[in-house]
Amino acid sequence: MIKVAICGAFGRMGMTIGGIVTKDPEMQLVGGVDVQEGEVFGVPVVSAGTFAAFLSESKPDVVIDFTVAAASAQNIPVAAAAGCAIILGTTGLNADQSKNIREAIAKGGVPAVISTNYSIGMNILWLLVREAAQRLGDYDIEVTEAHHRYKKDAPSGTAKTILEILQEEVGPREEVYGREGMTERGNEIGVHVIRGGDIVGDHAVMFTSNFETVTLSHRAYDRGVFAQGAVKATKWIVGKKPAVYGMKDVLGL
C-alpha cells in the first residue's frame, strides 16, 4: 500500500488527484497541506506551519505537489527532509526556486519525478516536436498555448519545455512573444499565449515554409489526464534510487 500526501489538497488538481488515489486499491491517501486546514476525503489537511509534524506522524511514501511556485518552494524541502519521494508538477518556478528544490531533494536522498506536464500524450508530443525540429529546422516556427483564465504563469511550463526542445534542435533563435504594429519576421520563434474561460490546456507547434505547414498539437479536455499521469508516476517512483527523474523515465520513452 502506497501512502500518499497531497500539497494543495483543496485545489483543483489536488482534489482530482485525491479522488483517484482514494479509489485505487494500491494507494492510501493520508492527508495533505494547504493554505487552510480542514479535511478532504476523510483525511486531515494541515497548514504549512505544521506540515513537517504531519509528515513525521503520518509517514507518507510519496508527496504530490501541483500547486504554485511559492508553495512548492516551501513544502518540497520539508517533504524531502522527511524522506518522502516527490512528484512535482508545479510550473512557474524561477531559477532559484528550482535550484533550491533540487538541492533539497538531493540532500534528503529521495527519488523525485519533476515534469511540466504529466499527460502521456504531451510527453509523446515532445518527442514528435524534437523529431520534426531535426528535419524542419529551416522552417518558420510558431508556438501557441491556451489555458483557463486563472492560470498565473505565461507561457505555460509545457510551452517552455517545447521551446527548450526547439532551441536545442534549431537554436539559438530569438523568442518573440506576440506581435504588434509593423513587424517583419526574422530568424525567430513566435510564441503566443491565450487565457480564457475554462480551457484545460491546448498547445501547438507550427513548422511553416512557403508551400506547406506542419502542425503538431495536443489538447487536454480534462485535468484528470494530468492527475492520471501523476498517479502513474507515484506508483513508479516507489523504491527507485535517489535521483531526479522525468516522465520519459516513468513512461520508458
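The coordinates are above.
Residues numbered from 1 in each chain as written. Predicted model: local features only at pLDDT ≥ 70, side-chain atom pairs only at ≥ 80, totals over all residues. Heavy atoms only, no water.

Asks: Mind laying out the pairing of strand β8 (residues 140–147), listing which residues take part and the relevant values?
Replies: Note on strand geometry: in a regular strand, side chains alternate between the two faces of the sheet. Counting buried residues in β8 gives six out of eight residues, a clear majority hidden from the surface. Note that β8 and strand β11 (residues 201–208) share seven bridges and pair antiparallel. Across the sheet, the residue bridging to Glu142 is Met206, located in β11. Relative to strand β10 (residues 188–195), β8 is paired through seven bridges, and the arrangement is parallel. Looking at β10, one finds that Val143 is bridged to Val191. (Buried < 20%, exposed > 50% of the residue type's maximum accessible area, 1.4 Å probe, protein only. Helix = DSSP H or I, 4+ residues; strand = E, 2+ residues; numbered from the N terminus. Pairing = 2+ DSSP bridges.)

Asks: Can you break down the pattern of salt bridges residue by residue, with the values?
Replies: Across all of its chains, the model carries 13 salt bridges by this definition. For Lys151, the salt bridge goes to Asp153, with nearest N and O atoms at 3.1 Å. For the pair Lys151 and Asp153, one class covers both residues: buried. (Salt bridge = Lys/Arg side-chain N within 4 Å of Asp/Glu carboxyl O.)

Asks: I'd like a rundown of the sheet that holds β11, residues and numbers included.
Replies: Think of a sheet as strands paired side by side through backbone hydrogen bonds, with each pair either parallel or antiparallel. On the basis of which strands lie adjacent, the open sheet formed by five strands has the order β9-β10-β8-β11-β12 and mixed pairing. Of all the strands in the sheet, the pair left with one neighbour each is β9 (174–177) and β12 (213–220). Within the sheet, the average angular offset between the axes of one strand and its neighbour, ignoring direction, is 15 degrees. Sheet contacts for helix α5 (residues 120–135): β11 and β12; angle to β12, the most-contacted strand, approximately 165 degrees. (Axes fitted to C-alpha atoms, helices over the stretch in contact; angles between N-to-C directions. Contact = heavy atoms within 4.5 Å.)

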